[in-house]
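# Coordinates in review
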Amino acid sequence: EFSTIKQRILCAKATETGLTFFSRKTIITNIHQTAFFTPSKDCVTIYSVAQPRTDTKKADHFIIDRWTIKQSESEPNQVWVSFNANILWSTPCMTPTATIVKSKWLRFYSGRFDTWRNLMKQYIDRENAKSEKSKLMEPYIGTWNKIKSF
């Protein structure tokens, strides 16, 4: 059912500051992504598996998420986005820790989704302006070629 499958591995590093002044740790997150493209190129589904770790130990949870981006059949200028994320714990975890981890990832995904949506809106606006400009210039393209200005 899929025409193309692509995979990549990302490594993201971040320095986190704790409550105390000297408490800093580097968090490294390895992300394995797999993207599935449909033959008609109107839909892409991206699965990601991430496990954060510090310099000394791995985190006790995995994050598995799925993004589905599909072009609308009724409106060609619109896309539908579906997002699901799950946190899997490798060890039984105390409730306060689980709540903190879930809230951090929720803020992370919420911020990235808003950024992604704004970037997509800018791209679509730019492409719409470019297509309007090319439609406006379309009658003159043949005239310039007849003058042999190239």
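See the structure above.
Now for a quick tour of the structure.

About the criteria used
- Residues numbered from 1 in each chain as written.
- Predicted model: local features only at pLDDT ≥ 70, side-chain atom pairs only at ≥ 80, totals over all residues.
- Heavy atoms only, no water.
- Helix = DSSP H or I, 4+ residues; strand = E, 2+ residues; numbered from the N terminus.
- Buried < 20%, exposed > 50% of the residue type's maximum accessible area, 1.4 Å probe, protein only.
- Contact = heavy atoms within 4.5 Å.
- Pairing = 2+ DSSP bridges.
- Phe/Tyr/Trp six-rings, centres within 6.5 Å; stacked < 30°, edge-to-face > 60°.
- Patch = residues over 30% accessible without salt bridge, like charges linked within 9 Å, V, L, I, M, F, W, Y side chains within 5 Å.
- Areas by Shrake-Rupley, 256 points an atom, 1.4 Å probe, with all protein chains shown as cover.
- Salt bridge = Lys/Arg side-chain N within 4 Å of Asp/Glu carboxyl O.

### Structural notes on the environment of A35
Along the chain, A35 turns up in strand β2 (residues 24–37). According to the relative accessible area criterion, A35 is buried, its value standing at 13%. Placed 33 residues apart in sequence, A35 and T68 show a C-alpha to C-alpha distance of 9.6 Å. Those residues in contact with A35, other than ones at most four positions away along the chain, are T4, I5, K6, V44, T45 and I46.

### A short note on the pairing of strand β4 (residues 61–71)
Relative to β4, strand β3 (residues 43–53) is paired through eight bridges, and the arrangement is antiparallel. Opposite S48, over in β4, you have D65 as the bridge partner. Sheet analysis places β4 next to strand β5 (residues 79–89), joined by eleven bridges and oriented antiparallel. What sits directly across from I64, in β5, is N86.

### Description of the packing of aromatic side chains
A complete count under the given rule lists two aromatic pairs for this structure. Consider the rings of F36 and Y47, whose centres lie 5.9 Å apart with planes at 80 degrees: the pair is edge-to-face. With F36 in strand β2 and Y47 in strand β3, this residue pair connects regions lying eleven residues apart in the sequence. Using a relative accessible area of 18% as the deciding quantity, one classes F36 as buried. Using a relative accessible area of 38% as the deciding quantity, one classes Y47 as partly exposed. Relative to F83, the ring of W67 lies with its centre 4.7 Å away and its plane at 55 degrees, an arrangement referred to as tilted. With W67 in strand β4 and F83 in strand β5, this pair connects stretches of sequence that are 16 residues apart. On the basis of relative accessible area, F83 is assigned to the partly exposed category, the value being 29%.

### Points about a nonpolar patch on the surface
Taken together, V49, F62, I64 and L88 make up a surface patch of nonpolar side chains, about 280 Å² in accessible area. With respect to the helices and strands, the residue V49 is situated in strand β3. A relative accessible area of 34% means that V49 is categorised as partly exposed.

### Focus on the pattern of salt bridges
Throughout the structure, instances matching the rule amount to two salt bridges. Residue K121 is joined to D125 by a salt bridge in which the shortest nitrogen-to-oxygen separation is 3.3 Å. Placement of the pair is K121 and D125 together in helix α1 (residues 95–147), with a separation of four residues, close to one helical turn. K130 is the salt-bridge partner of E127, the closest N and O atoms lying 3.6 Å from each other. Here K130 and E127 lie together in helix α1, a separation of three residues that amounts to about one turn. Looking at E127, the relative accessible area reads 30%, which means it is partly exposed.

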